[in-house]
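If you want the building blocks of each chain, they are given just below.
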Amino acid sequence: MPVCRGLLLLLAAVAMAPPPTLAGYSAAPARILSLERTYPLDERVELSELRARDRVRHARILLGGGGGEGRSSVGGVVDFPVQGSSDDLVGSKMTVLYFTKVKLGSPPKEFNVQIDTGSDILWVTCSSCSNCPRSSGLGIELNFFDAPSSLTAGSVTCSDPVCASAFQTTSAQCSDSNQCSYTFHYGDGSGTSGYYLTDTFHFDAILGESLVANSSALIVFGCSNYQSGDLTKSEKAVDGIFGFGKGELSVVSQLSSRGITPPVFSHCLKGDGSGGGVFVLGEILAPGMVYSPLVPSQPHYNLNLLSIAINGQLLPVGTEAFGISDNRGTIVDTGTTLTYLVEEAYDPFLSSIINSVSQFVTPIISNGDQCFLVSTSVSDIFPPVSLNFVGGASMVLRPQDYLVHLGFYDGASMWCVGFQKARDGQTILGDLVLKDKVFVYDLARQRIGWANYDCSLSVNVSVTSGKETVNSGQPSLSISTRDIVSKLITSILVSLLLRPLFSVL
């Protein structure tokens, strides 16, 4: 059945017997967010503008803290539609790449929030904010959370355990009124401050085809009453940040610790049209999944990259180039547009690509970027690239996973290398290589898995009694009549026992 874009969905199905467990957690219903992409893939943007955007992003995530390990509790799966918009980056350094909708308060009010795997806390702009943007160049209406007008809003005091958790990942402090407050400073000079609240989070509980129950849960989130720097600009303004990081106060940690979701989330980002995709609190199932372990004790989602091969030939790069010491390593980040290789790997990578194709294309430099004039399909000319990780997992990239199409020149297509040279020793796998793949962040097993996939198609989501099919454009469910009857007979009013989710950038 079709589901409204931007709603948090609870695909609630309960079996008579307890759900089976698997390596520390059991399968459970899915919650899905539909995503929009703020920079449509079918519109041209210069690489220099994307690099400028990513530099701001990297200053933020590399300053950010983390903490908190994956939990082994079980619960439902959440699905978030991913949305997007305009591509004009000129004059703007806002770092929004994917955003979705959530509903908070009583009566419920809708907020557009940025999806971010590089941060932890959920915060939205308060009505008391005097210097926050009042309009957005993304074509969305900005909303402001007004705690006094919500019948279910409550404050978080300094003695609350949530405030103690906040001290570990933010500049939390206590006000004279015993209210738990926070301040975030970002690497681009911007910042935000506010206070933590509890209030009702609204979503739809889907029990079967054409059967939807309204559900809600009390959650903890930040209410921003002051913003500075680029956060005050309206070009790419949204209502807040919805983080899915590893910290104790992240959405995943909070939901899984209460048994609402399993300790796993997934995304499938579309590589055509305007982009977008689906973000699932739960596990997307796809054939050919491979996994690599997460690097322990890291604030972000770090993998151990061992080598890079082009057309099956390993680049002459020592493994120490991808070392996992402080300020090095390989980060998976949905908030980064391009992909960044450390210098020791970038130069051999670029040379190998040029040598592989120079007799078939015309290499040119455009605005300082290595580009190629191509008269035929890039898939026929450019070699596959393999990123090889610990555990034997390889990420095989097509030419369009490392090249960016920047229009036409002299009657030929101009494709430019989208891999960039990292400035700070961190290899960052961004949206360029994450698109057209299912990514699964399995926090119970401390690993990340991926598989190539056409994310414009429906995806299979693991649930209590089998699979649900969810379309990534406008989420829909495909459930057999027998499953519906079984679920209705055996269900006990599913998952109204919700719990807090949370995030920040």
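The rules behind these values
- Residues numbered from 1 in each chain as written.
- Predicted model: local features only at pLDDT ≥ 70, side-chain atom pairs only at ≥ 80, totals over all residues.
- Heavy atoms only, no water.
- Disulfide = S-S within 2.5 Å.
- Helix = DSSP H or I, 4+ residues; strand = E, 2+ residues; numbered from the N terminus.
- Buried < 20%, exposed > 50% of the residue type's maximum accessible area, 1.4 Å probe, protein only.
- Phe/Tyr/Trp six-rings, centres within 6.5 Å; stacked < 30°, edge-to-face > 60°.
- Salt bridge = Lys/Arg side-chain N within 4 Å of Asp/Glu carboxyl O.

Draft legend 1. Region of interest: the state of the cysteines. The tally for this structure, following the rule as stated, stands at five disulfides. The disulfide partner of Cys268 is Cys455, and the S-S distance across this bridge is 1.9 Å. Given an S-S torsion of about -85 degrees, the disulfide between Cys268 and Cys455 has left-handed geometry. In this pair, Cys268 sits in strand β15 (residues 264–269) while Cys455 sits in the loop between β33 (447–452) and β34 (458–463), placing the two residues 187 residues apart along the sequence. The exposure class assigned to Cys268 is buried, which follows from its relative accessible area of 0%. Here Cys371 engages in a disulfide with Cys416; their sulfurs sit 1.9 Å apart. Every disulfide takes its handedness from the sign of the S-S torsion; for Cys371 and Cys416 that torsion is 95 degrees, giving right-handed.

Draft legend 2. A look at the packing of aromatic side chains. With the rule as written, the count across this model stands at 16 aromatic pairs. Between the aromatic rings of Phe111 and Phe145, the centroid separation amounts to 6.1 Å while the plane-to-plane angle is 45 degrees, which identifies the pairing as tilted. With a gap of 34 residues between them, Phe111 in strand β7 (residues 109–116) and Phe145 in the loop between β8 (123–125) and β9 (154–155) connect regions that are remote in the sequence. Exposure remark for Phe111: the relative accessible area of 0% places this residue in the buried category.

Draft legend 3. Representation of the pattern of salt bridges in the model. All told, the structure shown has eight salt bridges when counted by the stated rule. A salt bridge links Asp431 to Lys435; the nearest nitrogen and oxygen atoms lie 3.8 Å apart. Among the charged side chains, a network of salt bridges with common partners joins Arg398, Asp401, Asp436 and Lys437.

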